[in-house]
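Letter by letter, the chains look like this.
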Amino acid sequence: MRYALLAVGLTQLVLALPALLLAESTAAPIHITREMGAFEVALGIGLLASVWRPRLATGMLPFAGALAGAMLLTAAIDLFQGQTVAASEGQHVLAMTGVALLAALTRRPRADRDMRSRMSAA
């Protein structure tokens, strides 16, 4: 699971860098493009930090979930209004995949929790 999160985090980072550094985007103003790039880079770095230290996934999950959810909502609105096409919104699937992997990483197996409870009770 951590390898999958590593792949998603690296891909997120690589896809976000052009928007941040080169301000390459569609018709959005350069400032808005760079701000979105910064959020996407932050998401990629957060995912990679969670790979390195899985305990960080718990703190990263609310941010990543809110960001990915907001991106999906705005993409759906833009699709409905004809402002964009589905093919250009594929990167949001990557962010949601990262959120799902973070959520999975925060879950400890039940046997692990039970063992910790028994050890602390002893």
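## Quick word on the side chain of E40
Examined against the element boundaries, E40 turns out to sit in helix α2 (residues 30–52). Although E40 is buried, it makes no salt bridge; R34 carries the closest opposite charge, 15 Å away. Non-local contacts of E40, meaning those with residues more than four positions away in its chain, are made with Q12, A16, M71 and Q91.

## Quick word on the side chain of S50
Tracing the sequence through the fold places S50 in helix α2. Overall, the relative accessible area of 1% leaves S50 in the buried class. Discounting residues that sit within four places of it in the chain, S50 has contacts with L5, L56, A57, M60, L102 and L105.

## Brief notes about a nonpolar patch on the surface
A surface patch of nonpolar side chains, amounting to about 340 Å² of accessible area, comprises I32, M36, F39 and F63. With three residues, α2 is the single largest residue contributor to the nonpolar patch. Among the structural elements, F63 can be located in helix α3 (residues 57–80).

## Concerning the nonpolar core
Grouped together as the largest cluster of nonpolar side chains are 17 residues, with contacts concentrated most on L5, L43, L47, A64 and L102. Broken down by secondary-structure element, the contributors of at least two residues to this core are α1 (2–22), α2, α3 and α4 (91–106).

## Considerations on α1
Over its 21 residues, α1 extends 30 Å from the first C-alpha to the last, a length consistent with the 30 Å expected when each residue adds 1.5 Å. Here α1 has its buried residues at L5, V8, G9, Q12, L13, A16 and A19. Of the surrounding elements, those touching the buried residues of α1 are α2 and α4.

## Considering the packing of aromatic side chains
For the coordinates displayed, the defined rule picks out zero aromatic pairs. The residue whose ring lies beneath R53 is W52, and the NZ or CZ to ring-centre distance is 4.3 Å.

## Considering α3
A rise of 1.5 Å per residue sets the reference length of α3, with its 24 residues, at 34 Å; its end C-alpha atoms lie 33 Å apart and thus fit the reference within 8%. Listing the buried residues of α3 in full gives A57, M60, A64, L67, A68, M71 and A75. Buried-residue contacts for α3 involve α2 and α4. Once α3 ends, the next one or two residues include G82, with phi positive near 75 degrees.

## Some remarks on the confidence of the model for the protein
Detailed reading of the predicted model is not advised wherever pLDDT is low. Per-residue confidence for the protein gives a mean pLDDT of 83; residues scoring 70 or more make up 84%. Under a pLDDT of 50 for its full length, residues 111–117 has, in the predicted model, three contacts with residues more than four places off or in other chains.

Parameters at a glance
- Every chain is numbered independently, its residues counted from 1 as its sequence is written.
- The predicted nature of this model means local features are confined to residues of pLDDT at least 70 and side-chain atom pairs, given and counted, to a pLDDT of 80 or more, with totals for whole chains, interfaces and linings taken over all residues.
- Water and hydrogen atoms were dropped before computing side-chain values, which therefore reflect all heavy atoms in the structure.
- Counting from the N terminus, the helices are the DSSP runs of H or I reaching at least four residues and the strands are the DSSP runs of E reaching at least two.
- Between buried and exposed lies partly exposed: a residue is buried under 20% and exposed over 50% of the maximum accessible area for its type, with that area taken using a 1.4 Å probe on protein chains only.
- Under the convention used here, Asp and Glu are negative, Lys and Arg are positive, and both His and the chain ends fall outside the count.
- Each salt bridge in this description consists of a side-chain nitrogen of Lys or Arg and a carboxyl oxygen of Asp or Glu lying within 4 Å of one another.
- We call two residues contacting when some pair of their heavy atoms lies within 4.5 Å.
- Note that patches include only residues with greater than 30% relative accessible area and no salt bridge, and the join distances are 9 Å for like charges and 5 Å for nonpolar side chains (Val, Leu, Ile, Met, Phe, Trp, Tyr).
- Exposure was quantified through the Shrake-Rupley algorithm and a 1.4 Å probe, taking into account, for residues, occlusion by the shown protein chains and nothing else.
- By convention a nonpolar core is built from buried Ala, Val, Leu, Ile, Met, Phe, Trp, Tyr and Cys residues, the set being connected through side-chain atoms within 4.5 Å.
- Expected helix span is taken as 1.5 Å per residue step, with the number of steps being one fewer than the number of residues.
- We call Phe, Tyr and Trp rings a pair once their centres come within 6.5 Å, taking the six-membered ring for Trp, and we label the pair stacked below 30 degrees between planes, edge-to-face above 60, and tilted otherwise.
- In this analysis the charged atom, NZ for Lys or CZ for Arg, is taken to sit over a ring once it is within 6 Å of the ring centre and within 35 degrees of the ring normal.
- Residue-level confidence of the predictor, termed pLDDT, takes values from 0 up to 100.

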